[in-house]
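# Overview (structure and organization)
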Amino acid sequence: MYQKILLPTDGSKFAESAANHAIWIASRSGAEIIVLNVIETSSLVGLPAEDLIVKIKEMLKEEGRRSLERISEMISESETESKIEDIKITLKTEEGSPADSILKTIDNENIDLVVMGTSGKHGLDRFLLGSVTEKVVRSSKCPVLAVH
């Protein structure tokens, strides 16, 4: 039923919980998991020092890389523990608005299912920007499994 599962991650406990669900679904359906980390850079616009912006971007990229690595490790552990077939995984990093990047990836990659956490690392975003998950649920062309 599912060929490609999109798993957005920000390294939060909610993203790891969503990863467990995505791994289980992929192990049963043979689907590929595309793990996406989006680096939100809009808040950096307007910072006075260009070198400061570059350093912060590098820190955000490193944090994103660790998030992707953690999901990759979770998949490897699941394959070993459960003796399941190799799950195909693709790791992606993008810059921009998380919701927009997720929705663009759904279209570009022909995603069948999105599995994502209901909250991310930054609870304040809910008040400032609205929930990324809510935006994806409302606008996605495919089913979205929101994991609490």
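Quick summary incoming for the structure in this document. Everything numeric here is computed off the predicted structure, so don't read it as measured data. (Residues numbered from 1 in each chain as written. Predicted model: local features only at pLDDT ≥ 70, side-chain atom pairs only at ≥ 80, totals over all residues. Heavy atoms only, no water.)

As a further point, take the overall build of the chain. A count of helical and extended segments in the chain gives five helices and five strands. Taking 15 Å as the expected radius of gyration for a compact globule of 148 residues, we find that the chain reaches 15 Å, a close match to that expectation. Seen along its three principal axes, the alpha-carbon backbone of the chain occupies a region of about 50 × 30 × 25 Å. Once local pairs closer than 6 in sequence are excluded, the contacts in the chain between residues at least 24 apart make up 77%. About 8600 Å² of surface is accessible on the chain, with carbon and sulfur atoms providing 52% of the total. Between the centroid of the 18 positive side chains of the chain and the centroid of its 24 negative side chains there is a distance of 3 Å. (Helix = DSSP H or I, 4+ residues; strand = E, 2+ residues; numbered from the N terminus. Rg over C-alpha atoms; globule rule 2.2 N^0.38 Å. Contact = heavy atoms within 4.5 Å. Areas by Shrake-Rupley, 256 points an atom, 1.4 Å probe, with all protein chains shown as cover. Lys, Arg positive; Asp, Glu negative; His and termini not counted. Charge placed at Lys NZ, Arg CZ, Asp CG, Glu CD.)

When two helices pack together, their arrangement is captured by the angle between the axes and the distance separating the axes. Here helix 1 (residues 13–29) crosses helix 2 (residues 50–82) at 40°, and the two axes come no closer than 10 Å. Taken together, helix 1 and helix 2 sit at an angle that is classed as oblique. The hand of the helix 1/helix 2 crossing is right-handed. For the pair formed by helix 1 and helix 2, the contact residues are Ala15, Glu16, Ala19, Asn20 and Ile23 on the first element and Arg70, Ile71, Met74, Ile75 and Ser78 on the second. (Axes fitted to C-alpha atoms, helices over the stretch in contact; angles between N-to-C directions. Parallel < 35°, antiparallel > 145°, perpendicular 65-115°, else oblique. Left-handed = near helix turned anticlockwise from the far one by under 90°.)

Below, the discussion takes up helix 3 (residues 98–109). Spanning 12 residues, helix 3 covers 16 Å between terminal C-alpha atoms, matching the ideal 16 Å at 1.5 Å per step. Buried within helix 3 are the following residues: Pro98, Ala99, Ser101, Ile102, Leu103, Thr105 and Ile106. Where helix 3 is buried, its residues contact strand 1 (4–8), strand 2 (32–39), strand 3 (89–95), strand 4 (113–117) and helix 5 (132–139). Two residues or fewer after helix 3 comes Asn110, characterised by a positive phi angle close to 55°. (Expected span 1.5 Å × (residues − 1). Buried < 20%, exposed > 50% of the residue type's maximum accessible area, 1.4 Å probe, protein only.)

On to the pairing of strand 3, then. Where strand 2 lies against strand 3, seven bridges are found, and the strand directions are parallel. Bridge assignment links Ile34 to a residue of strand 3, and that residue is Thr90. Where the polypeptide runs from strand 2 across helix 2 and back to strand 3, its parallel neighbour, the crossover connection is right-handed. (Pairing = 2+ DSSP bridges. Right-handed = clockwise from strand over helix to strand, strands pointing away.)

The subject of this paragraph is the environment of Glu16. Inspection of the secondary structure assignment puts Glu16 in helix 1. In sequence terms Glu16 and Leu68 are 52 residues apart; their C-alpha atoms lie 10 Å from each other. Look past the residues within four positions of Glu16 in its chain and what remains in contact with it is Arg70 and Met74. A distance of 3.4 Å separates polar atoms of two side chains, one belonging to Glu16 and the other to Arg70. (Polar contact = N/O pair within 3.5 Å; in protein donor to acceptor, adjacent residues only side chain to side chain.)

Moving on, we get to the pattern of salt bridges. Overall, the coordinates contain 15 salt bridges when judged by the stated rule. For the salt bridge of Lys92 with Glu94, the shortest nitrogen-to-oxygen distance reads 4.0 Å. Given a relative accessible area of 16%, Glu94 falls into the buried group. One network of salt bridges, in which partners are shared, links Lys4, Lys92, Glu94, Lys104 and Glu109. (Salt bridge = Lys/Arg side-chain N within 4 Å of Asp/Glu carboxyl O.)

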